[in-house]
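Structural overview
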Amino acid sequence: MRSKHWYDYLWIWSIIYFSLGFFNILFAWLGMIDFLLPIIIAVFRGNKWFCNNMCGRGQLLSKLGGALKFLGNKQAPRWMASKWFRYGFLGFFLTMFSNMVFQTYLVAAEARSLTEAIKLFWTFKVPWGWTYTAGTVPDWIAQFSFGFYSLMLTSMLIGLIVMVLYKPRTWCTFCPMGTMTQSICKLRSKSNQNNN
Ligand code: SF4
């Protein structure tokens, strides 16, 4: 049995991250670590070390899904792992991310005011104002926090839904970060082959 490392406990970080968002939305920025680190590792190491070792979300889904395996642990439909779905979802996710950045820009440019709410599943607006005291930071910093936390929470909820319906880590088959890092690794190994 392999010995435990500190990064085997990052599932706890995942719980802490989502909990902090209920108290102070500015902590949402910490999620950028989970966003950038897999990309940096894929670019410099050319592998999915983050996914295999450091992803708190993946670990949490494994743990929760393992505890709930009496629900059936069913195989996910094959289309969920298909190329068109994974890349389609990645495209959708990046579009939503860009829109969130654009909304942040509009607030920074004073073209619209700060919305103290989160949007679940890109549709349902949920008032979240108790997590922020107006004026603590520039409005655009707070706007990014609300938008980014919406994205993180929505993707976690989708992960939990497919975990209950199918296998624990079904989310990983179409997770945008997983698809993106896989593409980076493929491009890297192709360019290495061409250089040899
Ligand atoms: S595919 Fe996504 S959720 Fe799964 S381990 Fe990788 S980054 Fe984490």
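Above this note sits the structure.
Here is what the cut-offs are and how they apply
Residues numbered from 1 in each chain as written. Predicted model: local features only at pLDDT ≥ 70, side-chain atom pairs only at ≥ 80, totals over all residues. Helix = DSSP H or I, 4+ residues; strand = E, 2+ residues; numbered from the N terminus. Buried ≥ 20, exposed ≤ 12 C-beta atoms within 10 Å, placed from the backbone. Contact = placed C-beta atoms within 7 Å. Axes fitted to C-alpha atoms, helices over the stretch in contact; angles between N-to-C directions. Parallel < 35°, antiparallel > 145°, perpendicular 65-115°, else oblique. Nonpolar A, V, L, I, M, F, W, Y, C, P; charged D, E, K, R; others polar. Pairing = 2+ DSSP bridges.

The next point concerns the overall build of the protein. For the protein, the count of helices and strands is 8 helices and 2 strands. Traced from its N-terminal end to its C-terminal end, the protein shows the element sequence α-α-α-α-α-β-β-α-α-α. Overall, the protein is about 50 × 50 × 35 Å in size when its C-alpha atoms are taken along their principal axes. Here the protein, with 196 residues, has 29% of them falling under the buried criterion. Sequence-distant contacts, at least 24 apart, represent 79% of the contacts inside the protein between residues at least 6 apart.

Relative to each other, helix H1 (residues 10-20) and helix H4 (residues 56-67) sit at 100°, their axes nearing to 7 Å. With respect to their mutual orientation, H1 and H4 come out roughly perpendicular. Of H4, the residues touching H1 (which contributes Leu10, Trp11, Trp13, Ser14 and Ile15) are Gly56, Arg57, Gln59, Leu60 and Lys63. Its residues assigned to classes, the contact of H1 with H4 shows 5 nonpolar, 3 polar and 2 charged.

As a further point, take the pairing of strand E1 (residues 117-120). Direction of pairing for E1 relative to strand E2 (residues 124-127): antiparallel, over a ladder of 4 bridges. Among the inter-strand pairings, alanine 117 is bridged to a residue of E2, identified as proline 127. The antiparallel hairpin formed by E1 and E2 contains 3 residues in its connecting segment, where phenylalanine 121 sits at a positive phi of about 55°.

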